[in-house]
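Remarks on the overall topology
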Amino acid sequence: MRKPITTLSRPSIFSFMILGLIIGFTPRTLLAQSGGPIHPYQAAYDVQHIELDMEVFPSDSAIAAIVTTTAIQQIASDTWRMALSPRFEIQAVEWQGQPLAWHRPHLAEPEVHERFIHLTFPGTLQPGEEVKVSISYQGKPRPAVQAPWDGGFVWAETPSGDPWIGVACQGDGAWLWWPNKDHPSDEPDNGVMIHYTVPAGLTAVSNGVLRETQTDGDRTRWSWEVLNPINSYSITLNAAPYIELQDSVQSVDGSTIPLHFWVLPEFEEKGRERFPQFKEQLVWFEELLGPYPFRNEKYGVVHAPFLGMEHQTIIAYGPRFEDNNLFGRAVGFDDLHHHELAHEWWGNLLTVWDWRDFWIHEGFGTYMQTLYTEDVLGQAAADSLMGLMRMRIVSNDELVPDAFQTTKQKYGSGRGGDIYYKGAWTLHMLRCLLGEDAFSSFMRELLYPTQAAAEALDGSQTRFASTQDVMRVAQSYTQRDLGPFFELFLKHSELPELVYEVEGRSLTLYWANVPEGIRFSMPVEVSVNGEIRVVEVGVQNPDPTGPTGEVVVELPRRVQEITLDPHGWLLRNTIGYGESLDLNP
Ligand SMILES: [Zn+2]
């Protein structure tokens, strides 16, 4: 006899959920896109260095720039594909000091391919050849529709009426404002030199280390150097009459990490109040995941005119200066800063080479908030946060498709929430399967496979990864075959249902709603009269003569309480967790 679920052991987790659905980090539909299947004209070259030299004119909402890309040719080719918004007028393309021909290819789906330009070299570039190309252009970059989701330039004003400029382009691609290869699989091995010339009185803040400032009349040129490889969407510009707050922290490797926080003058006091929490979170991350990967540059946070973005070494931080930014309820800490800081490891140190694996950035990034909550605020608060995340799972498609994906395909089609929340829940279950210590080692090994990688600061600490790496490293920590687990949660939209039947003194459990052919099985905690036991539950075998994953738990003579999954480890198709079976309906 199947009994209905009528009560929940932790009804409190639902109290704030409705609000959480309305407010918070809801994915949006993107207008533009980045990445996708790589074209041979993109794969032909390996970017080594980028120099971006840009004049910024806030009064016209315009920029003029020259971007020099140095690359090593990988395979023979007479053409490079790059991407730059058609909003700009391209004034010159040069190679070895000579003008280089370029055109916008006529491609199907112009809205998909509007970004591409083809540079045509006079002859075939040989493998191993160093190639240096400069593109000069000017115009008005697309203003952001809804940064950070529908990105572009944000030309805002400070409360005093001064320019306050920011850029966010993760979803749409950095081609919105500067020419680049537009593929996550390549980062400049030898870093980036960035120069911004802005009206004097504004501070232009960017990634990496400040090398020099030069004021000439009413314009100031700010030069920043990025020493490590960096995602193109991470390269950023912030300009305002900022106040700079400084501090430092000792890294777990013994070195000193410079900390900087640029805030609008009107928010200086709030910034000073907020800064210690940033530092405390950085210490927490280092203890969990290993050293901050860019400690030879800085850890920076800049007050941005939009919610936030994980720009490497210079996190964009929205204007609230409060805790509780992402979930529409009091989680008890600055979750926005925590999330963006998580990306310094999950996204900037470890980077997916195709957006189909976007969940690695966002799923790990989001699950860090759970681990932090558990450490700092306790188990009940962490359970509650997982409950909020569960409410946001859509699961109407596979989390990791086979095909290469653009950002828009993976994030911007209304399914984006799953890369955060289903990703986080998948890791939560994996933690249950591996155990606490092994899960910790698994995360560290993904980020820093060797001690040498953890110590390196020459760029070799950064690496690319895919879901394959996650599965391989996780599998190395357990005898259990993780194949069916990953298959179900990463490659299918179905969420399993834990079916239970109570008859006499028997509780029967099995998994349903599992696609045929997946021999899915999970340990399930069952509390009977307050005593918890763990049983391995599988799917029923459609062949009644074969072995079945169904399990029968013998019940005591007097049963006051039965609760399934009392600690909420399992992602199931029923929302909520810790069902107490109603024994006397
Ligand atoms: Zn994120």
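These figures come from a predicted structure and were not determined experimentally.

Conventions adopted
- Throughout, a residue's number is its position along its own chain's written sequence, starting from 1.
- Per-residue local features are limited, in this predicted model, to residues with pLDDT of at least 70; the limit for side-chain atom pairs, both in listing and counting, is 80 or more; totals at the level of whole chains, interfaces and linings are taken over all residues.
- Processing note: side-chain calculations cover all non-hydrogen atoms of the structure and skip hydrogens and water entirely.
- Side-chain rings of Phe, Tyr and Trp, where Trp is taken by its six-membered ring, are said to pair if the distance between their centres is within 6.5 Å; with planes under 30 degrees apart they count as stacked, over 60 as edge-to-face, and otherwise as tilted.
- Each ring is checked for a lysine NZ or an arginine CZ that lies within 6 Å of its centre and within 35 degrees of its normal; such an atom marks a charge sitting over the ring.
- For Na, K and Ca the donor cutoff is 3.2 Å, while for all other metals N, O and S atoms must lie within 2.8 Å; water is not among the atoms, so some sites may look incomplete.
- Angle rules define the geometry names used: all angles between 85 and 135 degrees makes four donors tetrahedral, while opposite donors over 155 degrees apart and all other angles between 65 and 115 make four donors square planar and six octahedral, leaving every other case irregular.
- A helix here means a DSSP run of H or I that spans at least four residues, while a strand means a run of E at least two residues long, and both kinds are numbered starting from the N terminus.
- For every residue, the accessible area (1.4 Å probe, protein chains only) is compared with the maximum for its type, and the residue is labelled buried under 20%, exposed over 50%, or partly exposed between those bounds.
- Using only the protein atoms, space was sampled on a 1 Å grid; points where a 1.4 Å probe fits but cannot get out form cavities, open sets with protein on both sides within 12 Å along at least five of seven lines form pockets, and lining residues are those with an atom within 4 Å of a point.
- Grid points are joined across faces, edges and corners, and a volume is the space filled by probe spheres set on the points.
- Three classes are used: nonpolar for Ala, Val, Leu, Ile, Met, Phe, Trp, Tyr, Cys and Pro, charged for Asp, Glu, Lys and Arg, and polar for all others, with Gly counted as polar.
- Axis geometry follows a simple rule: fit a line to the C-alpha atoms, using only the stretch in contact for helices, then measure angles between N-to-C directions, giving values from 0 to 180 degrees.
- Should an angle lie under 35 degrees it is considered roughly parallel, over 145 roughly antiparallel, and from 65 to 115 roughly perpendicular; all remaining angles are considered oblique.
- Working rule for handedness: look at the near helix, and if it is turned counterclockwise from the far one by less than a right angle, call the crossing left-handed; if clockwise, right-handed.
- In this description, contact between two residues means that some pair of their heavy atoms is separated by no more than 4.5 Å.
- What fixes the domain bounds is an automatic or database domain assignment.
- Each pair of strands is called paired provided DSSP finds at least two bridges between the two strands.
- For the purposes of this section, nonpolar cores are sets of buried Ala, Val, Leu, Ile, Met, Phe, Trp, Tyr and Cys residues that join through side-chain atoms within 4.5 Å.
- A pair is scored as a salt bridge if a Lys or Arg side-chain nitrogen falls within 4 Å of a carboxyl oxygen belonging to Asp or Glu.

To describe a pair of aromatic rings, you give the distance between the ring centres and the angle between the ring planes. Going through the model one piece at a time under the given rule, you end up with 36 aromatic pairs. Members of the aromatic cluster, each reached through a chain of ring pairs, are Trp284, Phe285, Tyr292, Phe294, Tyr299, Phe333, Trp345 and Tyr372. Residue placement shows arginine 81 over the ring face of phenylalanine 116; its charged tip is 4.1 Å from the ring centre.

A few words on the coordination of the zinc ion. Within the protein, His339 (NE2), His343 (NE2), Glu362 (OE) and Glu362 (OE) serve as the donor atoms for the zinc ion, at 2.0 to 2.8 Å. Here the zinc ion is ringed by four donor atoms whose angles at the metal span 51 to 148°, and the overall shape comes out irregular. Positions of the donor residues of the zinc ion, expressed as sequence spacing, correspond to H-x3-H-x18-E. In this pair, histidine 343 sits in helix H5 (residues 335–345) while glutamate 362 sits in helix H6 (residues 359–377), placing the two residues 19 residues apart along the sequence. Taking relative accessible area as the criterion, glutamate 362 reaches 1% and is therefore assigned buried.

Attention now moves to the layout of surface pockets. Looking at the largest pocket, its volume works out to about 300 Å³. In this structure, the largest pocket is lined by 16 residues; those nearest its centre are Ile518, Arg519, Val539, Gln540 and Pro542. In the lining of the largest pocket, the residues fall into seven nonpolar, seven polar and two charged.

For the rest of this paragraph, the subject is the packing of helix H9 (residues 417–434) against helix H13 (residues 483–491). Remark: H9 packs on H13, axes separated minimally by 11 Å, with the N-to-C direction vectors making an angle of 165°. The orientation of H9 relative to H13 falls into the category roughly antiparallel. Judged by the twist between their axes, the crossing of H9 over H13 is right-handed. Taken together, the residues of H13 that come into contact with H9 (itself represented by Lys422, Thr426, Met429, Leu430 and Leu433) are Phe485, Phe486, Phe489 and Leu490. Here the contact of H9 with H13 is composed, by residue class, of seven nonpolar, one polar and one charged.

Take the domain arrangement of the protein chain next. What the domain assignment reports for the protein chain is domain 1 (5–11 + 494–581) and domain 2 (31–240). For domain 1 and domain 2, the distance between their C-alpha centroids amounts to 54 Å.

Glancing now at the sheet that holds strand S19 (residues 299–303). Across the sheet, which stays open at both edges, the five strands sit in the order S17-S18-S19-S21-S20 with mixed pairing between neighbours. The sheet is open, and its two borders are formed by strand S17 (243–250) and strand S20 (308–309), each paired with just one other strand. The pairing of strand S18 (residues 256–263) with S19 spans four bridges and is classified as parallel. Paired with leucine 259 across the strands is tyrosine 299, a residue of S19. The strands touched by helix H4 (residues 268–289) are S17, S18, S19 and strand S21 (314–317); relative to S17, the strand with the most contacts, the crossing angle is about 25°. On the sheet, H5 packs against S19, S20 and S21 and is oriented at approximately 155° with respect to S21.

What follows concerns the pairing of strand S10 (residues 152–157). Taken together, the six bridges between S10 and strand S11 (residues 163–168) define a ladder with antiparallel strand orientation. For glutamate 157, the partnering residue across the bridge sits in S11 and is proline 163. What sits between S10 and S11 in their antiparallel hairpin is a turn of five residues, with glycine 161 showing a positive phi close to 90°.

Turning our attention to the nonpolar core. Grouped together as the largest cluster of nonpolar side chains are 166 residues, with contacts concentrated most on Tyr137, Trp177, Trp345, Phe442 and Leu509. Per-element tally for this core: the top contributor is H9, with 10 residues. Built from parts of two domains, this core gets at least three residues from each of domain 1 (5–11 + 494–581) and domain 2 (31–240). Residues within four places of tryptophan 345 in sequence aside, it is in contact with Leu282, Phe285, Glu286, Leu289, Gly290, Pro291, Tyr292, Pro293, Leu350, Leu447 and Tyr448. Counting seven residues, the second largest nonpolar core, distinct from the first, contains Val154, Ala168, Met309 and Ala316.

What follows covers the pattern of salt bridges. Any two side chains of opposite charge can pair, given that their charged atoms come close. Applying the stated rule across the entire model yields 20 salt bridges. Of the charged contacts, one joins arginine 472 and aspartate 469 as a salt bridge, the two residues approaching to 3.1 Å between their closest N and O atoms. In this pair, arginine 472 and aspartate 469 are both assigned in helix H12 (residues 467–475), three residues apart and thus about one turn of the helix distant. Note that glutamate 536 is salt-bridged to arginine 480, the shortest N-O span being 2.7 Å.

Attention now goes to empty space enclosed by the protein. Enumeration according to the criterion identifies four cavities of 30 Å³ or more in this entry. Looking at the largest cavity, its volume works out to about 220 Å³. What lines the largest cavity is a set of 22 residues, among which Asn180, Asp182, His183, Asp186 and Ser232 lie closest to the centre. Residue composition of the lining of the largest cavity, grouped by class: 10 nonpolar, eight polar and four charged.

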